[in-house]
Amino acid sequence: MQKFNVTGMSCAACSARVEKAVNKLNGVKSCNVSLLTNTMVVEGDVLPADIIKAVEEAGYGAGEMALAGETDLKRNNENRAADPSFVQQKETKALLFRFLISLAALFPLIYFSMGHSMWNLPIPVFFEENQIGLALLQMLLSAIVLIINQRFFVSGTKAIFNRAPNMDSLVALGSGSSFVWSTFVLFFMTGAQKNGDLQLCHKLMHALYFESAAMVLVLITFGKMLESLSKGKTTNVLKSLMNLAPQTAVLIKDGKEAEVSASALQSGDFFVLRPGSRIPADGEVIEGNSTIDESSLTGESMPVDKAKGDRVFTGTINQEGFLKCKVTKVGKDTTLAKIIQMVSDSAATKAPVARIADKVSGIFVPVVMSIAVCVVAVWIFAGKDTGYALARGISVLVISCPCALGLATPVAIMVGTGVGAKNGILFKTAQSLEETGKAQIVVLDKTGTITEGKPEVTDVFVEDGLSFASFEKLIFAVEMQSEHPLAKAVCRYGNDKNINSETILKFCKILEFENMPGRGVKARINFSGNEKTEPGVHEKTIYAGKSDYICKTLGIALSSKMEQNLDKIVQEGKTPLLFSDKNRLLGLVAVADKIKADSKDAVEKLKKAGIEVYMLTGDNKNTAAAIAQKVGISEFVANVTPLEKADCIKALQRKGKVIMAGDGINDAPALTGADIGMGMGSGTDIAMEACQVVLVNSSVEAVANAITISRKTLRNIHENLFWAFFYNLLGIPLAAGVFIPLFGWELSPMFGAAAMSLSSFCVVSNALRLNLLRFGKKIKKDNIFEMNKKEVQMTKTLKVEGMMCSHCEGRVKKVLEAVDGVTEAVVSHEKGTAVVTLSKEVASDLLKKAVEDADYKVLAVE
């Protein structure tokens, strides 16, 4: 994929011309030109120089640009000129300057041309009864406006000579025709004055259109300025994403900290993060604990806890703790760079719905020019004078607007893509954004999509006569030797209970360990420590595994109590782990993959949107049934292989368009086979590659939100296209004078220019309404008071030792109120307390440290 900046385009006819020219080159597979961002994306085996040459031969300019993420995320002054957003700002400023200077010449022109004749406004004595002088003044003022806005004439004339007339051609012909006609009339006036025919001279004054020639240019420049401002707003999300990456980083080198440019970081480097700092590169925490605000990437407002081994991402914010991290990804490989790339690429592609507008835009201008010529001829043939007929033809030229057609789709796509990115939903192409909303069926993978994808111990049952604490240590000792996901769940449970390898050494020693795939594990344990599961027993062989292995293979009988517990675990869809010695069962552990907090509400939301929801899983039927029932899914298929998942998708596609959402390698065939594949951001790289939509925050609710965004965007596109077609279908006949015989409706060129200026602005403004989309739980009005009440009561009380006087109170108050999030601290040395009022959650350790750094001792924080 190659990306280029394109200059000189003014309307959809221009972008269609550029696409046509580049598509003619041998080796070009596809070419998409965006009028919104003035960029072009080309796929195929073609040299950049040949592409640029083709664009230049078509009458436009082009320059190669880096794909988003290939250069530093923070652009420096050297490459700003290649930044589309910088080009857009520069163009807006230039249009504003042209508009203001043009206004300075237009106001006196209107005053002398219309103010005196229509409203009898006073004029200098020199111009009274001096028709030639007034006409010359109008011509000079009009010429100033034409010179200021010469870009329309240069671009429009060039396009005509290249046999690709565009919007500038229409404007140039309309304004130029008015000026040339008025100049001819001025010469006729001089002849009439020479012959002493003052009455004819006065009559010809009303045939002058100098003010129309200038007004058309000023109004269209004003419309272009509004359009440019609005277009700039549509790319705000992309610009905000690019601004997330910090310019500097605190690098650790040879044991010392040094502030360096973020772009200087390399994979394997170490950097530190302090509270409030943005993360300069993707990395892994190797020391410290903190919370990270990842809302800029995921759309989730809740901060995420980070500890040793957790991943951190570029552009996110460290909120309160100190972290030392190792760089794992830099530059274009970071998550942020990939998000920027996806948003940029999506905006550069075209939705299928845009093809109709593109076809119309390609022939629009020549057709309008032909209509204008016919209109002039018809009115002259009908007996009207040339000035009147010319005014009708000019009105047709200036009211016609191919821009509205060309912008109808891309602005909505850009804004819709941006709204998705803000909410952690990344559409890879414009087609995926359009097709998502057309889905009738959503298929959800279970593990990692509906559930967390991280098994957790939910229940522990111990046989009578055994110590619960000893059993917990025993299962930890056995499972810490295994790499199985269920074993890791048991180890995490032990860690939560403050059981670790040091604790186990005091309890027992593993003499032998054997992993038996598909059945379980076996460990020979020496209880040489002070604690023993049974008095006088120093060595045992412990078995752990599935019920079939423990009960059938080993022949271990279960007590009625344990049978009931086992049945309960199975019915709830949990996975049972049985632990026994050679003679009897020691206990049961229930492991379950927890359902994500938003899964049930999201499924309900999908159903309300008229979508059928299915679940596919490789897990057993009991577990699948339990999970499906809890989240409200009535249709599911269990015990399926990856290829069988793909077959299920094909079968469902007979009923309608299908979305498949998954996160693993085993989901890749189904993701590829579905009409739209949605990959969870927490999933594998293979799943990410196989999908068309990436859900950064990995929630089922994001699936529902993606469908909502798609449907709203598609509706917005249809509104824009309707407006663009309706405007031209109504405006061109009105300007041509079709309604004059019927209703007396007559449109002057000036009003035609004003309508044209506002048409594109209306289309862009309508697309910007998509930014009003909001997702999240609504707060009931009845609960607002309760919420405010809780916010007011967000306080913590510190018991402080060592305060002796009011001076001590003031010192403690000062250090506490310096902590971010503390709005007030009420300190009493008599009570030995400090009551702090918080505007947000503040860690107790942070408050304690602030006081103890001031040489006072904190006994407790309540």
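Values in this document were obtained by computation on a predicted structure and should not be read as measured data.

Please provide a residue-by-residue account of the overall build of the chain, values included.
A tally of helices and strands in the chain yields 32 helices and 30 strands. The buried share among the 862 residues of the chain stands at 52%. Taking the intrachain contacts of the chain between residues at least 6 apart in sequence as the baseline, contacts between residues at least 24 apart amount to 69%.

Give a detailed account of the packing of helix α13 (residues 386–399) against helix α27 (residues 700–736), specifying residues and quantitative values.
Running from amino to carboxyl end, α13 crosses α27 at an angle of 165°, the nearest separation of the two axes being 7 Å. As judged from the angle between their axes, α13 and α27 are roughly antiparallel. As for how α13 packs across α27, the hand of that crossing is right-handed. Contacts between α13 and α27 involve Arg392, Ser395, Val396 and Ile399 from the first element and Tyr727, Asn728, Gly731, Ile732, Ala735 and Ala736 from the second. Of the residues that constitute the contact of α13 with α27, the class distribution is 6 nonpolar, 3 polar and 1 charged.

I'd like to hear about the sheet that holds strand β23 (residues 635–637), residue by residue, with values.
Read across the sheet, 7 strands follow the order β14-β26-β25-β24-β15-β22-β23 without closing on themselves; strand pairing throughout is mixed. At either margin of the open sheet sits one strand with a lone partner, and together these are β14 (425–427) and β23. On average, each strand axis in the sheet is tilted by 20° relative to the strand beside it, whichever way the strands run. With 5 bridges connecting them, strand β15 (residues 441–445) and strand β22 (residues 612–616) associate as parallel partners. Counterpart to valine 442 in the pairing with β22 is valine 613. Along the sheet, helix α23 (residues 621–631) makes contact with β22 and β23, crossing β23 at roughly 155°.

An account of the pattern of salt bridges is needed here, citing residue identities and associated values.
Once their charged atoms are close, side chains differing in charge can pair, the charge on each being opposite to the other. Summed over the entire model, instances satisfying the criterion amount to 21 salt bridges. Among the salt bridges present, the one from lysine 657 reaches glutamate 435, with a minimum N-O distance of 3.3 Å. In this pair, lysine 657 is assigned in the loop between α24 (642–652) and β24 (658–662) and glutamate 435 in helix α15 (residues 430–436), connecting sequence segments 222 residues apart. Residue class for lysine 657 comes out partly exposed when judged on its relative accessible area of 31%. The closest approach of N and O atoms between aspartate 581 and lysine 540, which form a salt bridge, is 3.0 Å. One end of the pair, aspartate 581, is in the loop between β20 (575–580) and β21 (585–595); the other, lysine 540, is in strand β19 (residues 539–545), and 41 residues separate them in sequence.

Break down helix α7 (residues 198–205) for me, citing the residues and quoting the values.
If you check which residues of α7 are buried, you get Cys201, Leu204 and Met205. End-on view of α7: buried residues confined to an arc of 110°, all on one side of the axis. The exposed residues of α7 that point more than 90 degrees off its buried face are Gln199 and Lys203. Packing partners of the buried residues in α7 comprise α4 (131–148) and α6 (167–194).

Pulling in residues and values, what's your account of the sheet that holds strand β30 (residues 857–861)?
The 4 strands lie next to each other as β28-β29-β27-β30, forming an open sheet whose pairing is antiparallel. Because the sheet does not close on itself, it has two edges, and the strands there are β28 (822–828) and β30. Averaged over neighbouring strand pairs, the angle between their axes works out to 25° when direction is ignored. Two strands pair when backbone bridges link them, and strand β27 (residues 795–801) and β30 are joined in this way by 4 bridges, in the antiparallel orientation. The residue of β30 that forms the bridge with leucine 798 is valine 861. Relative to the sheet, helix α32 (residues 844–852) contacts β27, β28, β29 (833–838) and β30, its axis offset from that of β27 by approximately 35°.

So what's going on with the pairing of β24? Which residues, and what values?
Working note: regular strand, side chains alternate between the two faces of the sheet. In terms of burial, β24 is largely enclosed, as 5 of its 5 residues are buried. Pairing of β24 with strand β25 (residues 676–680), which is carried by 4 bridges, proceeds in the parallel orientation. Directly across from glycine 662, in β25, lies its bridge partner glycine 679.

Provide a residue-level description of the pairing of β25, including the pertinent values.
Of all the 5 residues making up β25, 5 are buried; the element is thus mostly covered by neighbouring parts of the structure. Residues of β25 alternate between two faces, with Ile676, Met678 and Met680 on one and Gly677 and Gly679 on the opposite face, all of them buried. One ladder, built from 3 bridges, connects β25 with strand β26 (residues 693–695); its direction is parallel. Residue pairing across strands places methionine 678 opposite valine 693, the latter belonging to β26.

Account for the packing of α6 against α13, with residues named and values stated.
The geometry of α6 relative to α13 is characterised by a closest axis approach of 8 Å and an angle of 160° between their N-to-C directions. The angle between α6 and α13 falls in the class roughly antiparallel. For the crossing formed where α6 meets α13, the hand is left-handed. Residues Leu170, Leu173, Gly174, Ser177, Ser178 and Trp181 of α6 lie in contact with α13, whose contacting residues are Thr386, Gly387, Leu390, Ile394, Leu397 and Val398. Here the residues of the contact of α6 with α13 are counted per class, giving 7 nonpolar, 5 polar and no charged.

Can you explain the nonpolar core? Please cite residues and give values.
Ranked by internal contacts, the top residues of the largest apolar core, which has 138 residues, are Val18, Val22, Met40, Met189, Leu444, Ile633 and Met678. At 14 residues, α27 tops the list of elements feeding residues into this core. Contacts of methionine 678, omitting those with residues within four sequence positions, involve Thr436, Ile659, Met660, Ala661, Gly662, Leu671, Cys691, Val693, Leu695, Val703 and Ala706. Judged by nonpolar contacts, the second largest core, of 30 residues, contains Tyr493, Ile542, Phe579 and Leu586.

Can you lay out the packing of aromatic side chains for me, pointing to particular residues and giving the numbers?
If you walk through the whole model with that rule in mind, you get 8 aromatic pairs. With 5.5 Å between their ring centres and 70° between their planes, phenylalanine 179 and phenylalanine 210 make a pair best called edge-to-face. Highlighted residues: phenylalanine 179 in helix α6 and phenylalanine 210 in helix α8 (residues 210–234), separated in sequence by 31 residues. Aromatic pair phenylalanine 471 and phenylalanine 579: ring centres 5.9 Å apart, planes at 85°, arrangement edge-to-face. Of the two residues, phenylalanine 471 sits in helix α17 (residues 468–479) while phenylalanine 579 sits in strand β20, which places them 108 residues apart along the sequence. Ring pairs connect the aromatic residues Phe739, Phe743 and Trp745, which therefore count as one cluster. In this arrangement the basic side chain of lysine 324 is found over the ring face of phenylalanine 270, its NZ or CZ atom lying 5.8 Å from the centre.

Help me get a handle on the environment of aspartate 855, residues and values and all.
In this fold, aspartate 855 is placed in the loop between α32 and β30. Exposure remark for aspartate 855: the relative accessible area of 68% places this residue in the exposed category. Sequence separation between aspartate 855 and methionine 803 is 52 residues; the distance between their C-alpha atoms is 9.8 Å.

Let's hear about the environment of glutamate 635: which residues, and what values?
Among the secondary structure elements, glutamate 635 is positioned in strand β23. Residue glutamate 635 is classed as partly exposed on the basis of its relative accessible area of 42%. Sequence spacing of glutamate 635 and alanine 625 is 10 residues, and the spatial spacing of their C-alpha atoms is 9.3 Å. For glutamate 635, the contacting residues outside a window of four places in its chain are Val613, Tyr614 and Met615.

Which residues make up helix α2 (residues 48–57), and what values go with them?
Looking only at α2, the buried set comprises Ile51, Ile52, Ala54 and Val55. When α2 is viewed along its axis, its buried side chains cluster within an angular range of 160° and face the same direction. For α2, the exposed residues lying more than 90 degrees away from the buried face are Ala49 and Glu57. Elements in contact with the buried residues of α2: β1 (2–7), α1 (12–23), β3 (39–44) and β4 (61–65). Taken from the residues just after α2, glycine 59 is the one with a positive phi, measuring 100°.

Residues and numbers for the confidence of the model for the chain, please.
Per-residue confidence for the chain averages 80 on the pLDDT scale, and 86% of its residues sit at or above 70. Helix α30 (residues 781–792) is the least confidently modelled element of the chain, averaging 33 in pLDDT, while β22 averages 93, the highest of any element. In the model, residues 529–533 has pLDDT below 50 throughout and makes 14 contacts with residues more than four positions away in sequence or in other chains. Every residue in residues 777–793 is under pLDDT 50, and counting partners more than four places away or in other chains gives 5 contacts.

How would you sum up a nonpolar patch on the surface? Please name residues and give values.
A cluster of nonpolar side chains, namely Phe722, Trp723, Phe726 and Leu730, defines an oily patch on the protein surface of about 400 Å² accessible area. Here phenylalanine 726 shows up in helix α27.

Scoring rules and cut-offs
- Residues numbered from 1 in each chain as written.
- Predicted model: local features only at pLDDT ≥ 70, side-chain atom pairs only at ≥ 80, totals over all residues.
- Heavy atoms only, no water.
- Helix = DSSP H or I, 4+ residues; strand = E, 2+ residues; numbered from the N terminus.
- Buried < 20%, exposed > 50% of the residue type's maximum accessible area, 1.4 Å probe, protein only.
- Contact = heavy atoms within 4.5 Å.
- Axes fitted to C-alpha atoms, helices over the stretch in contact; angles between N-to-C directions.
- Parallel < 35°, antiparallel > 145°, perpendicular 65-115°, else oblique.
- Left-handed = near helix turned anticlockwise from the far one by under 90°.
- Nonpolar A, V, L, I, M, F, W, Y, C, P; charged D, E, K, R; others polar.
- Pairing = 2+ DSSP bridges.
- Salt bridge = Lys/Arg side-chain N within 4 Å of Asp/Glu carboxyl O.
- Arc of directions from axis to C-beta.
- Core = buried A, V, L, I, M, F, W, Y, C linked by side-chain atoms within 4.5 Å.
- Phe/Tyr/Trp six-rings, centres within 6.5 Å; stacked < 30°, edge-to-face > 60°.
- Lys NZ or Arg CZ within 6 Å of the ring centre and 35° of its normal.
- pLDDT = per-residue confidence, 0-100.
- Patch = residues over 30% accessible without salt bridge, like charges linked within 9 Å, V, L, I, M, F, W, Y side chains within 5 Å.
- Areas by Shrake-Rupley, 256 points an atom, 1.4 Å probe, with all protein chains shown as cover.

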